[in-house]
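Inside the fold
What follows is the residue order along each chain.
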Amino acid sequence: ILDNASTHTFQPPTKRINDGDDVQFFLSSRAYTDIVTFMCQLNAAMFPRKDTVRTSTFHTRTWQLCDDNIPFSNTVVRLQELLKRLENMIEEALPDMGPRRFGNVSFRKWYAMVEERISGLLEEYLPPEVLEHEAQHNGKNKDAQVTAKDELQAYLMGSFGSAQRLDYGTGHELSFLAFLGCIWKLGGFPHAEAGVEERGVVLGVIEPYLTLIRRLILTYTLEPAGSHGVWGLDDHFFIPYIFGSAQLAPAIASVENIPTEGSLADAVNPADVVKAGVVEHERKTNMYFSAIGFIYDVKKGPFWEHSPILFDISGIRAGWAKINKGMLKMYNAEVLSKFPVIQHFPFGSLFVWERDPNAVQQITSIHSKSQPKPKEQFIVPQQTKTGLRNPMHEGVKAPWAAVGAQGAPFVGTAAPWAKGVNMRDPEKFESVRSSIPRGSEPTTGAPWADSRGGPPPRSRRDPPNMTAPVTAAPSAKKGDQVSLPAQAPVPDARGVVPSTRAPRAQDSAP
């Protein structure tokens, strides 16, 4: 938490993550440490508490949605009013009724209205001590300095989804978590007993924010951003599964003793997520089942088909504490460590892009190895001093061509009888060619050709002394002798070709 008595240099949040190496740096940065610390702080506050008063009966205090006995601070109440105001603005940008394939373009109208009014809304609903936090101007123009409102506005506007892509995902959800973290750092939430204000943030601010986003999704049919399809935990959300599983975990006496297994005594069974009736009842009091209920609202069919990951999680028998522990690990792996999600997160002065000196060295996982790599500048190697061939300088040359030389001996495709003749020297080639006696040059005749010429020899497969079959006329009588000409008929001196009629045919035949 920043000291109000001291000055602070605010910075406009900017994009820093551009490749996989930046993701690795982020996992060891101060911003990552602050996000994880704030997340674990909120998560621990949602565990049921054991009654500290010694009585004859054991009492457990649980935290449920719409519980009037949970106190909310003035900051939480004002943030609830801000979210309600944003929800009412949907009536000013009704969805387009025309045909569409993806998100409704009217979402851009709603987003533009919010962007236009957000500065005044923050001044109206945030505590004055947050926005009036003294900034260090370093002697420059005071009007040009970045204020706390500028950083808060960047994270809040990034939490409603993308007006360009008409989608919403866990990266936008993370941006709202950072918005609340900025208010916490600026001292916007009052000091209270451990866990009290954190529960107010989860139940009084985050749950109404999720309600707003669900209405935006249903109204403008926002697409999932970076979804894994059915192989993702959820198309849009993640943190309600973390806080909702903590609500059903075993009761604790202090945050130092967070259990890793077990469930609350009367907690609903994790396998009941496939029962629509149980989900409808539990969604009113639990954030985990509230998120499951929204899946039932937007998807049809068997639960294990459209949500196989959640269905697999429902089979865990070690209890809700085990599920909560796994959800925190999965959030770190699937949200904070994934380039497609974390690349859009901006960094300013409250979530700083600096290495944390106390950060533990991150182990390179199979997921981090598959992250995009930076584009290395291609450097053309120079010619070495040893005179070795450098193909980058030679270009496309014949293999026998040497750099700076007259040329290596030509290795051509000369005939086998050519002896030491340079094919590139026409004079030498012609002199050698003329010295060869005519008729003594090897020929490339067919294998069966000889000096006498003639037809090709009969194949070894042909039977010896075998005459060609004769196609006799149907009128030929048995025993008639048919003689075939030795060769094809040749025209006589008059140019008349001899008749090829059967020998038995007579001139008087019709």
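The numbering scheme is per chain: residues are counted from 1 as the chain's sequence reads. In keeping with the model being predicted, local features are shown solely for residues with a pLDDT of at least 70 and side-chain atom pairs are shown and tallied solely at 80 or more, while totals for entire chains, interfaces and linings include all residues. By convention in this description, side-chain values take in all heavy atoms of the structure and omit both hydrogens and water.

**Structural notes on the overall build of the protein chain**
Each helix is a run of DSSP H or I of at least 4 residues and each strand a run of E of at least 2, with the numbering of both proceeding from the N terminus. Summing up its helical and strand segments, the protein chain has 18 helices and six strands in all. Only protein chains enter the accessibility calculation, which uses a 1.4 Å probe. A residue is then buried if its area is under 20% of the maximum for its type, exposed if over 50%, and partly exposed in between. Looking at the protein chain residue by residue over its 510 residues, the buried ones come to 37%. Approximately 31,100 Å² of the protein chain is accessible, and the part contributed by carbon and sulfur atoms is 54%. For every accessible area listed, the method is Shrake-Rupley and the probe measures 1.4 Å; residues are considered covered only by the protein chains on display.

**Overview of the packing of aromatic side chains**
Aromatic pairs are defined between Phe, Tyr and Trp rings, using the six-membered ring for Trp, whenever the two ring centres lie within 6.5 Å; interplanar angles under 30 degrees are classed as stacked, those over 60 as edge-to-face, and all others as tilted. Under the criterion given, the structure shown has 25 aromatic pairs. Measuring from centroid to centroid gives 5.2 Å for phenylalanine 345 and phenylalanine 347, while their planes differ by 75 degrees, and the two rings are edge-to-face. Take phenylalanine 347: its relative accessible area is 2%, and that puts it in the buried class. Three or more aromatic residues joined by ring pairs make a cluster, and in this case those are Phe25, Phe26, Tyr32, Tyr155, Phe345, Phe347, Phe351 and Trp353. Between lysine 185 and the ring centre of phenylalanine 351, over which it is positioned, the NZ or CZ distance is 4.9 Å. Whether a charge sits over a ring depends on NZ of Lys or CZ of Arg being within 6 Å of the ring centre and within 35 degrees of the ring normal.

**Section: unusual backbone geometry**
Across residues other than glycine, the phi torsion is negative in most instances, and most of the peptide bonds are trans. Phi at leucine 166 takes a positive value of approximately 55 degrees, unusual for a residue other than glycine. Following the sequence through the fold, leucine 166 ends up in the loop between helix 6 (148-157) and strand 4 (167-168). Overall, the relative accessible area of 7% leaves leucine 166 in the buried class. Here the phi dihedral of threonine 221 falls at roughly 45 degrees; this positive angle occurs in a residue that is not glycine.

**Section: the nonpolar core**
Across soluble globular proteins, you tend to see nonpolar side chains buried next to one another. Phe26, Trp110 and Tyr288 are the most contacted members of the largest nonpolar core, which has 109 residues in total. Once residues lying within four places of it in the same chain are set aside, the contact partners of tyrosine 288 are Pro240, Tyr241, Gly244, Ser245, Val273, Leu310, Ile313, Trp320, Ile323 and Met327. Nine residue types can take part in a nonpolar core, namely buried Ala, Val, Leu, Ile, Met, Phe, Trp, Tyr and Cys, and a core is a set of them joined through side-chain atoms within 4.5 Å. Should any heavy atoms of two residues lie within 4.5 Å, those residues are considered in contact.

**Comments concerning the packing of helix 4 (residues 106-125) against helix 6**
At a closest axis distance of 10 Å, the pairing of helix 4 and helix 6 adopts a crossing angle of 140 degrees. Helix 4 and helix 6 meet at a crossing whose hand is right-handed. Only Lys149, Gln153, Leu156 and Met157 of helix 6 make contact with helix 4, whose side of the interface consists of Tyr111, Val114, Glu115, Ile118, Ser119, Leu122 and Glu123. In this classification, Asp, Glu, Lys and Arg are treated as charged, Ala, Val, Leu, Ile, Met, Phe, Trp, Tyr, Cys and Pro as nonpolar, and every other residue, Gly included, as polar. Taken together, the residues of the contact of helix 4 with helix 6 break down into six nonpolar, two polar and three charged. Only C-alpha atoms enter the line fits that serve as axes; for helices the fit covers just the stretch in contact. Angles between N-to-C directions range over 0 to 180 degrees. Two helices that cross are described as forming a left-handed crossing if the nearer one is turned anticlockwise from the farther one by less than a right angle, and a right-handed crossing if clockwise.

**Brief notes about the packing of helix 2 (residues 30-45) against helix 8 (residues 196-220)**
Running from N to C, helix 2 and helix 8 point in directions that differ by 90 degrees, and their axes come no closer than 7 Å. With respect to helix 8, the element helix 2 is oriented roughly perpendicular. Within the contact between the two elements, helix 2 uses Gln41, Leu42 and Ala45 and helix 8 uses Glu198, Arg199, Val201, Val202 and Ile206. Within the contact of helix 2 with helix 8, the residues separate by chemical class into five nonpolar, one polar and two charged. The scheme is simple: roughly parallel for angles under 35 degrees, roughly antiparallel for over 145, roughly perpendicular for 65 to 115, oblique for anything else.

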